[in-house]
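Fold and geometry: a report
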Amino acid sequence: MKQKITIIGVPMDLGQMRRGVDMGPSVIRYAGVVERLEALGYEVEDRGDIQIGRPSRLDVKNDQNLKDLDVVVKANQMLADEVMDIVSEGAFPLILGGDHSIAIGSLAGTAKDKENLGVIWYDAHGDLNTGETSPSGNIHGMPLAASIGLGHENLTSIGGFSPKVKPENIVIIGARSLDEGERILIKERGIHVYTMHEIDRLGMSKVMEEAAEIVTKNTDGVHLSLDLDALDPNDAPGVGTPVIGGPTYRETHLAMEILAEKNIITSAEFVEVNPILDVKNQTAEAAVALIGSLFGEKLL
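Quantities reported herein were computed from a predicted structural model and do not represent experimental measurements.

Another aspect to go through is the packing of helix H9 (residues 204-216) against helix H10 (residues 249-262). The contact between H9 and H10 brings their axes to 9 Å, and the two run at 40°. In this structure, H9 crosses over H10, and the sense of that crossing is right-handed. Across from Met204, Ser205, Met208, Glu209 and Ala212 in H9, the residues of H10 making contact are Glu251, Leu254, Ala255, Ile258, Leu259 and Lys262. For the contact of H9 with H10, a count of residues per class yields 7 nonpolar, 1 polar and 3 charged.

What follows deals with the UniProt feature "binding site: Mn(2+)" (unreviewed entry) in the protein. In this numbering, the UniProt entry assigns the feature "binding site: Mn(2+)" (unreviewed entry) to His100, Asp123, His125, Asp127, Asp227 and Asp229. Taken together, the annotated residues stretch across 130 residues yet fold into one region, lying no more than 12.3 Å apart by C-alpha. Considering the arrangement of structural elements, one finds His100 in the loop between strand E3 (92-97) and helix H4 (103-111). Relative accessible area serves as the criterion here: at 0%, His100 is assigned to the buried category. For His100, the contacting residues outside a window of four places in its chain are Trp121, Asp123, Asp127, His140, Pro143, Ser225, Asp227, Glu269, Val271 and Glu272. When sequence neighbours within four positions are dropped, the list of residues in contact with Asp123 reads His100, Ile172, Ile173, Gly174, Ala175, Asp227, Asp229 and Ala230. There is a polar contact of 2.9 Å between the side chain of Asp123 and the backbone nitrogen of His125.

Turning to H10, a few remarks are in order. Spanning 14 residues, H10 covers 20 Å between terminal C-alpha atoms, matching the ideal 20 Å at 1.5 Å per step. The complete set of buried residues in H10 reads Thr252, His253, Ala255, Met256, Ile258 and Leu259. The inward-facing, buried residues of H10 abut strand E4 (118-122), H9, strand E7 (222-227) and helix H11 (282-294). Following H10 by one or two positions, Asn263 has its phi on the positive side, about 55°.

Counting 51 residues, the largest nonpolar core has Val33, Leu94, Ile173, Leu224, Ile265, Phe270 and Phe295 as the members making the most contacts within it. Considering each element in turn, this core owes the most residues, 7 residues, to H9. Excluding residues within four positions of it along the chain, Leu224 makes contact with Ile120, Tyr122, Met256, Leu259, Ile265, Ser267, Ala268, Glu269, Phe270 and Leu294. Counting residues in hydrophobic clusters, the runner-up holds 27 residues, among them Val71, Ala91, Ile102 and Ile104.

Right, let's talk about the sheet that holds E7 for a bit. Whenever strands of a sheet pair, they do so through backbone hydrogen bonds, lying parallel or antiparallel. Spatial ordering of the open sheet is given by E2-E1-E3-E8-E7-E4-E5-E6, a layout of 8 strands whose pairing is parallel. Since the sheet does not close on itself, it has two edges, and those belong to strand E2 (44-49) and strand E6 (192-195), each with one partner. On average, each strand axis in the sheet is inclined to that of its neighbour by 15°, with strand direction left out of account. Where E3 lies against strand E8 (residues 267-271), 3 bridges are found, and the strand directions are parallel. Each bridged residue has a counterpart across the sheet, and for Leu96 the counterpart in E8 is Phe270. Lying over the sheet, helix H3 (residues 69-88) contacts strand E1 (5-10), E2 and E3, oriented at roughly 150° with respect to E3. Of the strands in this sheet, E4, strand E5 (170-175), E6 and E7 are in contact with H9, which crosses E5 at around 160°.

The residue after Gly97, namely Gly98, is reached through a cis peptide bond having omega 15°. Looking at the secondary structure, you find Gly98 in the loop between E3 and H4. The omega angle of the peptide bond from Ser162 to Pro163 is -5°, so this bond is cis rather than trans. The topology assignment puts Pro163 in the loop between helix H6 (153-156) and E5. Phi at Asp127 takes a positive value of approximately 55°, unusual for a residue other than glycine. With respect to the helices, strands and loops of the structure, Asp127 is situated in the loop between E4 and helix H5 (143-147). In the Ramachandran plot, Asn218 falls in the positive-phi region, its phi being about 60° despite a non-glycine side chain. Among the secondary structure elements, Asn218 is positioned in the loop between H9 and E7.

Calculation criteria
Here the residue numbers are simple positions, counted from 1 along each chain's written sequence. Given that the model is predicted, a residue must reach a pLDDT of at least 70 before its local features are reported, and side-chain atom pairs must reach 80 or more before they are shown or counted; all residues, however, enter totals for whole chains, interfaces and linings. Hydrogens and water are ignored here; the side-chain numbers use all heavy atoms of the structure. Interaxial angles span 0 to 180 degrees and are taken between N-to-C directions of axes, which are lines fitted to C-alpha atoms, for helices over the stretch in contact. Helix and strand labels come from DSSP, where a helix needs a run of H or I of at least four residues and a strand needs a run of E of at least two; each type is numbered from the N terminus. Should the near helix be turned counterclockwise from the far one by less than a right angle, the crossing is left-handed, whereas a clockwise turn marks it as right-handed. In what follows, a contact means two residues having at least one pair of non-hydrogen atoms within 4.5 Å. When residues are grouped by polarity, Ala, Val, Leu, Ile, Met, Phe, Trp, Tyr, Cys and Pro land in nonpolar, Asp, Glu, Lys and Arg in charged, and all others, Gly among them, in polar. UniProt positions are given in the numbering used here, feature names are shortened, and annotations may be inferred rather than shown by experiment. Here's how the labels work: a residue is buried when its accessible area is under 20% of the maximum for its type, exposed when over 50%, partly exposed in between, all with a 1.4 Å probe on protein chains only. Here a polar contact is recorded for every N or O atom pair within 3.5 Å, except that within protein the pair must consist of a potential hydrogen donor and a potential acceptor, and residues adjacent in sequence are included only if both atoms are side-chain atoms. By this rule the span expected of a helix is its residue count minus one, scaled by 1.5 Å. Think of a nonpolar core as a cluster: buried Ala, Val, Leu, Ile, Met, Phe, Trp, Tyr and Cys residues, connected wherever their side-chain atoms sit within 4.5 Å. At least two DSSP bridges between two strands are needed for those strands to be called paired.

And the structure:
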């Protein structure tokens, strides 16, 4: 029997500056994610959305260069609790964003019962900033740093433990926009990164084979965090921080198909779909198609 999939939406748009990404879970559902998974034979439960409060003022930095810290922390703690509950029921947590700051809660929830969690971070960005290194103060550029225990204590302590993941168990795929502080941290901590240079030279198949080997070495679970801005903007225009020159729609399908064949992913999130910036829901439909491939959908 196929594992039950439990969906939780996180309509978060406070980890960054461009409004609209809070509608991401709704448009991914509208694009047919539940129906797609049920057609593959999965039992799917959709728990709806976490309720995100809104401060009276937006984009307010605290004294450590963090915007909207309190509400982002509260939402991520609620998400962590939900994901822990889903895992305890033996279901697969599928989280729909929302901006990428929600990965702090996703990883807190999925890592709670793991000794060593592996992470595939499919993203144009490293998301390894802290308040000290971030040019903007936007927390959606900090979730991976917080998850390895770096940054504001209120972010690193979500879920009641830190760190959630070890640097050597992380693979970033598709990177092509890294801040100086992130580049330094990647080298210091030994985080594995496949930039577009490696993808072009090696091919996506080889990259995913190597990535899978890294994240399964001495680990007891693998979380996939897929930011739709990883894809080239021609294929996913509805994102807040597009970066030209990314993996194509087809290359990303191949990446998901390889993960499905290896059957190593134990939790996943798809984030940063912004319908205000999209074209005829193209990015949400891409997200649903990629989810289908991750869960074993094939042409024949």
